[in-house]
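So you can see what is in the structure, the chains are spelled out below.
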Amino acid sequence: EPSHAITAYEQARHLGTNSAFIDLRIASAYELSKDYTAAEEYYTHALQSEDYHFHAAQGLISVYLSTARINNAWQEIKNIINLYPKEYEGIHLATALYIMCNMPTKATELLNEVRLRFHRRILFHYDYIKALSCAQEYDAAYEYLSCLDDELVRENLFFAKEKSNILLALGQTDSAMQC
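Residues numbered from 1 in each chain as written. Predicted model: local features only at pLDDT ≥ 70, side-chain atom pairs only at ≥ 80, totals over all residues. Heavy atoms only, no water.

What follows covers a negative patch on the surface. On the surface, a cluster of negative charge is contributed by Asp 149, Asp 150, Glu 151 and Glu 155. With respect to the helices and strands, the residue Asp 150 is situated in helix H10 (residues 150-155). (Patch = residues over 30% accessible without salt bridge, like charges linked within 9 Å, V, L, I, M, F, W, Y side chains within 5 Å. Areas by Shrake-Rupley, 256 points an atom, 1.4 Å probe, with all protein chains shown as cover. Salt bridge = Lys/Arg side-chain N within 4 Å of Asp/Glu carboxyl O. Lys, Arg positive; Asp, Glu negative; His and termini not counted. Charge placed at Lys NZ, Arg CZ, Asp CG, Glu CD. Helix = DSSP H or I, 4+ residues; strand = E, 2+ residues; numbered from the N terminus.)

This is the structure:
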């Protein structure tokens, strides 16, 4: 139960335990209990810590999205991308937000910009195929999926499911059934 966790973490905070870590835990508990104002306050406290900044920013983005503050979420995603240019997570969050806002073409444009830096990440391939599918660019999605390692596609449930959906969209029912 989130309220018990909040009480325990508050006690730990008063004892001087790592404040940023505790702030993250309290924020998460408040977010689970849908007290987004309190969650935002604690995530903001945790942002001050260099060690926990990235996780606090992710939490803030979640709160912003839960409270329909898309512009705040965009700003925090931009901050993550600028502060952590070698991390893929900011790109992943931006891609998900573009898709959620029904802007899959923007997602594919962003992914094309960063392809050389992150093409070895499975999550990159997931995002790219998802964006192409959401943009109804099924031929391009199928072609891209076909270029991926067969073993990766077979072993990863998302890729198999997405391949089946793409084939269905392309009218290849028999092939889709084999996925």
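Resuming the write-up.
Overall, the coordinates contain ten aromatic pairs when judged by the stated rule. Here the aromatic rings of Trp 74 and Tyr 98 are separated by 4.6 Å at their centres, their planes lie at 50°, and the arrangement is tilted. Taken together, the residues Trp 74 in helix H5 (residues 70-83) and Tyr 98 in helix H6 (residues 89-100) connect sequence positions 24 residues apart. Here Trp 74 falls in the buried class, since its relative accessible area comes to 17%. You can call Tyr 98 buried: its relative accessible area is 17%. Residues Phe 124 and Tyr 128 carry aromatic rings whose centres are separated by 5.9 Å and whose planes lie at 15° to one another, so their mutual orientation is stacked. Of this pair, Phe 124 and Tyr 128 both sit in helix H8 (residues 122-134), four residues apart, which is roughly one turn of that helix. (Phe/Tyr/Trp six-rings, centres within 6.5 Å; stacked < 30°, edge-to-face > 60°. Buried < 20%, exposed > 50% of the residue type's maximum accessible area, 1.4 Å probe, protein only.)

Following the sequence through the fold, Glu 162 ends up in helix H11 (residues 157-169). With a relative accessible area of 6%, Glu 162 lands in the buried category. Contact partners of Glu 162, with chain neighbours within four places excluded, come to Ile 129, Lys 130, Ser 133 and Leu 145. (Contact = heavy atoms within 4.5 Å.)

At their nearest, the axes of H6 and helix H7 (residues 104-118) sit 8 Å apart, and the two run at 165° to each other. Overall, the two elements H6 and H7 adopt an arrangement that is roughly antiparallel. When you trace H6 past H7, the crossing you get is left-handed. Here H6 contributes Ile 91, Ala 94, Thr 95, Tyr 98 and Ile 99 to the contact with H7, which in turn contributes Pro 104, Lys 106, Ala 107, Leu 110, Leu 111, Val 114 and Phe 118. (Axes fitted to C-alpha atoms, helices over the stretch in contact; angles between N-to-C directions. Parallel < 35°, antiparallel > 145°, perpendicular 65-115°, else oblique. Left-handed = near helix turned anticlockwise from the far one by under 90°.)

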